[in-house]
Structures are given as C-alpha cells and as structure tokens.
Amino acid sequence: MRGIAQTLVLTGAVSASDVSALLSEHGENEEFTRQLVQRGLVTSTQIAQAIARQTGHRFVDIGTAQLDAAVVALLPAGLCRKYRVLPIERGTDRLVLAMVDPADIIALDDVTTITDLRVEPVVVAAEALQLAFQRYVRSDEELSDLSATLQENASTQLAATESIDEQDSDAPIVRFVNLLITQAIDDRASDIHVEPGETHLTVRYRIDGVLHEVQRADRKIQDGVISRLKIMASIDIAERRRPQDGRLSVTHNSRKIDLRVATLPTVWGEKIVMRILDNTGVSLSLADLRMGRANLGRFRDAISRPHGMVLVTGPTGSGKSTTLYTALREVSSPQVNVITVEDPVEYRIPGINQVQVNAKAGLTFQAALRSILRSDPDIVLVGEIRDAETAIISIEAALTGHLVLSTLHTNDAPSTVARLTEIGAEPYLVATALSAVVAQRLARRLCTTCRQPYQEQPDVLRSLGLDHDPSDPPVLYRAVGCPACSGTGYRGRVGVHEVMPMTPELEALVVTDASGADMRDLALAQGMTTLRGDGWAKVLEGLTTIEEVLRVTV
C-alpha cells in the first residue's frame, strides 16, 4: 500500500481492508479514488486532503467560497475544464490555482504560459471544483462567441457541413457541439433539444423535468451542427426524410456518459433530441428513492418475493426505469439469474444479462421474452408492456415462478389493473400474478442552499387538504434561487409515490372486472397513500414545494 491509499489509512479516513481489494483491482489511479467515493468509504474532501498531505500542498475548501469573477476569467473555460483547474486568487506576480491534481506539470506549464504569472497550486475536492465550475465557468458565453464566428464564416447553409472534420477537435462546429454536450452534463440536464426554426437554431436543456432555452444561433450553422451530431451517433447523414436513432458516448470528468440520439424531420429541418444516460445516477439504494415508510415496506415486500409481477407506472420521464434498476440492484445477487429485455438498454449494469430489442432483426419484446423464459431466469425485467402479447407472456412468467418487473403508462396505481385487462389479459390471471403496483411522479427538489422557510395561510392549507395541527402550523419552504441551483430554486428531483399491494380483497374485486374507481376506493380504505398525499408529506419534510406537487399530481 502506498501514496494516497496509505495516507488515507494513516489518517483514519478508511481502513486498510477497505482499500486493499480496490487497489488490487484498479491500482492507485483515478478510478481507485472514484470507487472509494462512489462506495461511500470516503468523501471527495478526504481524498483531496490526502493528496495535499502526500504532495505537500495546501488544501483549500472552495465549496462555499465567493470567487472573484475577474480572477476566474484569467483562464479560458475550456482550459479550466480540460485540466480541472480554477484561478481563485491573484497577487502581484503570482496566481493561486485550485487543482484536483497538483502534480499535473502540463497543466501548470500551460497556465504559466497563458497568464505569465508564477503559479501556486492548491488542492481542492473534485466535487467542490465541479460546483465552482457550475457557478463561475459556464460555457454559455463561449457558445455564443462560437455561434457568432460560425455565422460569419458560413456563406451558405452547406458550408459548415462540408468543413466538418471528425478528427479536428478545434474545428468551430466540433467545439460548438462538444460545448453543448459538456454544458448540458454540467447543468444536470436529462435531455438536449436541438431545434431548427425559420430563422434560428434553438438549443434547450431539460433540467429537473423543465425545458430551459440556453442558446439561439443563426440558422446558417444548422446543417453543420446536425451533421456533426449524426456523425458522432453513427446515423446516416444523407437520410433527412425519416426519423433515425443512434447512440454516442463521451468522457466527461473521467466519467463515461452515453447519449441516446433521435432525429425527427420537421418543416424547418431535422430536430435532434439527445437523452443523457448517466450511469452514476442509477447507483441508488431503495432508501435513496425517498419513499415513505409504509410505501417502502410494501415495495420491498413485493420485490422480495420469489415470484409475481411488480409494475411501475407513470408518464414518460417520471423515473420508472430508475426505480426498476434500483429494485434490481436490491434483489440481484450471484445466486440468481437476472435477465432484462429493453428498448433501448439505457444503463449497462454489471452482473445482469441485458437484451436489446431489435425489431428489424425479428427480436421483438415477445420473441425476446419467449427466449428469456427458456434461459432459466429467476428475475425478468421487461422494459415496457406495450401490447396484449407482451402482457400475457409477462403474466404467465410471473405465474410460473419468476419475479417480473415492468412498466406501464397509467395515471395511477388502481387504473393499472383496468389497463391490463383492456389490452387483453384475463382478469383472473392479472389478480393472481400481480403483487404490487407503484405509480410515481418526479417533483423538483428544493435547493438546500437557498430555500426559504415560511408559514402558509391556514385556509390555503385546508383548501389543499394538507393535514396539520391548527395550533402548530407547519414550517414550509419556498424556492428562491442562487448560483448553486442556477437561479431556479431547485436542484435535483424527488419521487412522489403511490404503492398499491394486491390484497385478497383487491384480487376478488379484479376478478369481478370492477372499475378503477372501485379499486381505488378499496385501496384507500386499506391504507394506500395517494400520489398527492405522498407529495404533501414531501412538502412537510422540506423536500419540495406546494406548487411542484400541484404541477405533477392530480
């Protein structure tokens, strides 16, 4: 044991046994420290302090520091991100440079050359530096400058397309596209929309479920940007009349991030939507889903059974896949065979057999499911139940000793049963196979840095049905906005859940082909918490706002 690992052990930050296996697997490199942080063994601050102790440099906590924008601007944004450095203080002839790796000689030489100052490196935590990037080193201005440059140089709409060189990272189009993707990842966007218009090319990011316009460029660069993205995603650039799908991968801050790319012909040209698939976002435990205690108990009981069907329902973008992947991580082990069939496979998970649907090759959901059931599975995840045949095969799998996890598009948990019978499944089979249904939505989570406490008017609370003690009104929080949350007042999202376990009484009701309203009344009588009721609980916890719960629930 040596270097950072030894320093962490000597300072008591982590035990020798915890790091020995990781050292043998990765060696003492960046992946080793990343795994330490990801597994919760140490924090990024402890890693930085160990690096500072080992290299003899000063450690600086910039997590909440207010930096001088003029000092930060001494270095280009692209160089700061490339080397993971940030100027934080300037003297007469010296520059204090925050670094994750103070031994990076190339970075020090480049900074010295650009600034003509004596560079004094200090060590900072990687997470704190990333937060500082989000506050002070945004790519918006550089994107605007690049857009203006491209507009000036584009004599025709096709000129930008013709000048694309896939290997030339300094080409304006390449830099423009790379900055779009980098800024989206830094802003925690889930989707990037590149939308052609009559006079402008508009770029919007979906952040915490809401679209924000971040760039509006001249239409002349449209073909170049779209062609570059299609090349990166291995999509046919000559085909512009029909929708196409592709996939690309980028490395950002030493993390590999996949993007799913879809093109759509519009009257003004091809629109491109990129879904950012960050694998680190699904490394969750059930506790991270923030289900209420009763809901969590019901859900855990359902997925712990050796057989049966558990359905997660909700609209697109409501976190269904994340919940299912989290459930898989909870129940999978070397002793069970887990197979998934998805369209597309969004996240690659080690130790799980994942099948990608390919309709052109004849590998449909139905065909894949039949093959999976001949492959001795214990747990089967079906990406989505879309038709009667998929529903029937999934139900039969649940009845023959398999745990089946899947998703369905319904408004709430009770209406799921009616939807299954409507698409062709027999009510008595649904009643027997179904273990539980989880309906969920995602509400924006309040930024803990700037949220502001307040007391709502009693009549407003009563009109919303928000239970409280009149003599002790609850303290709620409102969104304000600060640099940490890009001025939105929200940072991240929190799930709002409705868990309906299939009790004998509900099973009897399903067999009689009862309506969703009847099943909802019975489920409520048996203690089910509604989506809005769970949302109010999240409001009282200070996790979100009344406005957000009203926005995502009915």
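Up top is the structure.
On a predicted model such as this, the values are computed, not experimentally measured, just so you know. Residue indices begin from 1 for each chain and proceed along its sequence in written order. Where totals are concerned, whole chains, interfaces and linings use all residues; where local detail is concerned, this predicted model gives features only for residues with pLDDT of at least 70, and gives and counts side-chain atom pairs only at 80 or more. To get the side-chain values, all heavy atoms of the structure are used, and hydrogens and water are removed first.

Undergrad: What exactly am I supposed to notice about helix 16 (residues 388–399) here?
TA: Residues that lie three or four places apart on an α-helix share one face, since the helix turns once every 3.6 residues. The numbering of helices and of strands both runs from the N terminus, where a helix is a DSSP run of H or I of at least 4 residues and a strand a run of E of at least 2. By this rule, a helix spans an expected 1.5 Å times one less than how many residues it contains. Under the 1.5 Å per step criterion, the end-to-end length of helix 16 is 16 Å for 12 residues, consistent within 8% with the ideal 16 Å. Regarding helix 16, the residues found buried are T390, A391, I393, S394, I395, A397 and A398. It only takes one pair of heavy atoms within 4.5 Å for two residues to be counted as in contact. Tucked into the core, helix 16 has its buried residues touching strand 10 (308–313), helix 15 (365–373), strand 13 (379–382), strand 14 (403–408), helix 17 (414–422) and helix 18 (427–433). Think of a polar contact as two N or O atoms within 3.5 Å of one another; within protein, one of them needs to be a possible hydrogen donor and the other a possible acceptor, and neighboring residues in sequence only count if both atoms come from side chains. Its side-chain oxygen placed 3.3 Å from the backbone nitrogen of E389, D387 serves as the N-cap of helix 16. We call a residue buried when its accessible area falls under 20% of the maximum for its residue type, exposed when it is over 50%, and partly exposed in between, using a 1.4 Å probe and counting protein chains only.

Undergrad: Honestly, the sheet that holds strand 12 (residues 353–356) in this entry has me stumped. Any pointers?
TA: Whether parallel or antiparallel, the strands of a sheet pair through hydrogen bonds between backbone atoms. Note on pairing: DSSP must find at least two bridges between two strands before they are called paired. Spatial strand order, 12-11-13-14-10-15-18: 7 strands in an open sheet with mixed pairing. What marks the edges here is a single partner per strand, and that holds for strand 12 and strand 18 (490–501). This sheet shows a mean twist of 20° between the axes of neighbouring strands, independent of strand direction. Examined bridge by bridge, strand 11 (residues 338–342) and strand 12 share 4 bridges and lie parallel to one another. Bridge pairing in strand 12 places I339 opposite N353. Seen against the sheet, helix 14 (residues 320–331) touches strand 10, strand 11, strand 12, strand 13, strand 14 and strand 15 (434–446) and runs at an angle of roughly 170° to strand 14. Angles shown run from 0 to 180 degrees and are taken between the N-to-C directions of axes, each axis being a line fitted to C-alpha atoms and, for helices, limited to the stretch in contact. The sheet strands contacting helix 15 are strand 11, strand 12 and strand 13, and the helix crosses strand 11 at an angle near 170°.

Undergrad: Would you explain the nonpolar core in this entry?
TA: In summary, soluble globular proteins display a tendency toward joint burial of nonpolar side chains. Among the nonpolar cores identified, the biggest contains 42 residues, and M309, V341, L434 and M500 are the most heavily contacted of them. Element by element, the count of residues in this core is highest for helix 16, at 5 residues. Excluding its chain neighbours within four sequence positions, the residues that come into contact with L434 are M309, L311, V417 and M502. V42, A52, L86 and I88 belong to the second largest nonpolar core, which has 37 residues in total. In this text, buried Ala, Val, Leu, Ile, Met, Phe, Trp, Tyr and Cys residues form a nonpolar core when linked through side-chain atoms within 4.5 Å.

Undergrad: I'm lost on the sheet that holds strand 9 (residues 269–277) in this one. Help?
TA: Spatially, 6-5-4-9-8-7 is the arrangement adopted by the 6 strands of the open sheet, whose pairing is antiparallel. Both outer strands of the open sheet, strand 6 (210–218) and strand 7 (244–252), are each paired with one neighbouring strand and no more. On average, each strand axis in the sheet is inclined to that of its neighbour by 20°, with strand direction left out of account. Against the sheet, helix 12 (residues 222–232) makes contact with strand 4 (189–196), strand 5 (200–207), strand 6, strand 7, strand 8 (255–266) and strand 9, and its axis sits at roughly 45° relative to strand 9, the strand it touches most.

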